[in-house]
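Descriptive analysis of the structure
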Amino acid sequence: MNKLGVHAYVWEHGWSREQATRAISRTAEAGFDFIEASPMDPSTFDRAHTAKALEAAGIGVTFSFGLGFEADISSCDPEKEKRGRALLFEQVGLCRDCGGTSIAGILYSGFGKYYTQPTAEGIRRSADILRDVAEEAAKSDIILGLEVVNRYETNILNTAAQGVEMCQRIDAPNVKVHLDVYHMNIEESDMASAIVDAGPYIGYFHTGDSHRGYLGSGSIDLQSAFRALVRAKYEGPITFESFSSRVVGQPLEGILGIWRNLWEDGFDLATHALMYTRAQLKAAQEVERQAARSRLP
Ligand code: MN
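Residues numbered from 1 in each chain as written. Predicted model: local features only at pLDDT ≥ 70, side-chain atom pairs only at ≥ 80, totals over all residues. Heavy atoms only, no water.

1. Describing the coordination of the manganese ion
Cut-off, in case you're wondering: The donor set comprises N, O and S atoms within 2.8 Å of the metal, extended to 3.2 Å for Na, K and Ca; water molecules are omitted, so apparent gaps in a site may simply reflect that omission. In DSSP terms, a helix is any run of H or I states spanning at least four residues, a strand is any run of E spanning at least two, and both are numbered starting from the N terminus. Throughout this description, buried means an accessible area under 20% of the type-specific maximum (1.4 Å probe, protein chains only), exposed means over 50%, and partly exposed covers the range between.
The manganese ion binds to the protein through Glu147 (OE), Asp180 (OD), His206 (ND1) and Glu241 (OE); the donor distances cover 2.1 to 2.2 Å. All donors of the manganese ion belong to a single chain; written as a sequence motif, their spacing is E-x32-D-x25-H-x34-E. Pair noted here: Asp180 is in strand β6 (residues 175-180) and His206 is in strand β7 (residues 202-207), with a separation of 26 residues, a long-range link. Here His206 falls in the buried class, since its relative accessible area comes to 1%.

What follows is the structure in structure tokens.
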């Protein structure tokens, strides 16, 4: 059974004690299994407070983030590599101390628009660092999800197949591909085939829509995406991710280009997304049973 979660930015743009308490309790109230925390600055993150609030609400947590360009582990710059490695290890500690299960996002390069091609050497060094981080994460049963994103947010992993290749190069059982329908809708030739082909390498999944607003109100063929996920036998976490200029703020709204406000009421947005996701998954599971139910007498 897939655990269903919601991205913290549906509720709050920061993670102060008050913001964390509000985001966690709203997530539980909406009926999700977990919240995806995405702390921009892990040094101000109160681990004990978060762990307590999660326990009180009875929900789990996952983490996501993207490396800044000053901490780009694909840069071949030893200073940046050092900062990136330290940040990744810090995230593992954060996740472990809060009882988290996954760290997802752009863990392998800077998060933002590149103006140059990636290099073989940069990818090799990124993979080497992630292999070390994965070893540390494995001690706490944490999965690293390498998020495949569109061309304006990294120059390395833009397709699911590239994500699988990177996982194979890192070669650690807890390094998986993190797919996101918003990005796949931009880059994949055939989203459903890409999901099925990535199959067992998928370890984390983001739903959303083409404009990052209400699920089902954009142009993504979500029915095909959910059917493919079920066909791929994916049973890991699924997080609904959506951004509105009402919540996000800088620097994320600048990096992601969140200029429009597609929703006002995060609770309405989130409860609808949960209902929609459950209905899609249920329908997709029934599709898998059609053939067996349709045998000739
Ligand atoms: Mn995403």
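2. Details of the pattern of salt bridges
Put simply, the test is: A side-chain nitrogen of Lys or Arg and a carboxyl oxygen of Asp or Glu constitute a salt bridge if their distance falls within 4 Å.
Applying the stated criterion across every chain yields a total of 19 salt bridges. A salt bridge links Glu29 to Arg26, with the nearest nitrogen and oxygen atoms 3.7 Å apart. Taken together, the positions of Glu29 and Arg26, both in helix α1 (residues 17-30) and 3 residues apart, correspond to about one turn of that helix. We classify Glu29 as exposed; its relative accessible area is 52%.

3. Some remarks on the packing of helix α3 (residues 78-97) against helix α4 (residues 120-138)
The condition is simple: The axes used here are C-alpha line fits, helices contributing only the stretch in contact, and every angle between their N-to-C directions lies in the interval 0 to 180 degrees. When an angle is under 35 degrees it counts as roughly parallel; over 145 it counts as roughly antiparallel; between 65 and 115 it counts as roughly perpendicular; any other value is oblique. Each crossing gets its handedness from the near helix: less than a right angle anticlockwise from the far helix is left-handed, clockwise is right-handed. Contacts between residues were defined by any pair of non-hydrogen atoms, one from each residue, lying within 4.5 Å. Any residue that is not Ala, Val, Leu, Ile, Met, Phe, Trp, Tyr, Cys, Pro, Asp, Glu, Lys or Arg is counted as polar, Gly included; the first ten are nonpolar and the last four charged.
Where α3 contacts α4, the axes come no closer than 10 Å and their chain directions differ by 25°. As judged from the angle between their axes, α3 and α4 are roughly parallel. Here α3 runs over α4; the crossing is right-handed. Along its contact with α3, which presents Pro78, Glu81, Arg85, Leu88, Phe89, Val92 and Arg96, the element α4 presents Arg125, Ile129, Leu130, Asp132, Val133, Glu136 and Ala137. Classifying every residue of the contact of α3 with α4 gives 8 nonpolar, no polar and 6 charged.

4. Considerations on the packing of aromatic side chains
Note the following rule: Between the rings of Phe, Tyr and Trp (Trp by its six-membered ring), a pair exists once the centres lie within 6.5 Å; its type follows the angle of the planes, with under 30 degrees stacked, over 60 edge-to-face, and the other angles tilted.
Taken as a whole and assessed by the stated rule, the structure comprises 6 aromatic pairs. Between Phe69 and Tyr114, the ring centres sit 5.0 Å apart and the planes meet at 75°, which makes this aromatic pair edge-to-face. Of the two residues, Phe69 is situated in the loop between β3 (60-67) and α3 and Tyr114 in the loop between β4 (102-110) and α4; the sequence distance between them amounts to 45 residues. For Phe69, a relative accessible area of 34% puts it in the partly exposed group. A relative accessible area of 14% means that Tyr114 is categorised as buried. Members of the aromatic cluster, joined through ring pairs, are Trp15, Phe45 and Phe63.

Everything listed here is a matter of geometry and, on its own, says nothing about what the molecule does.
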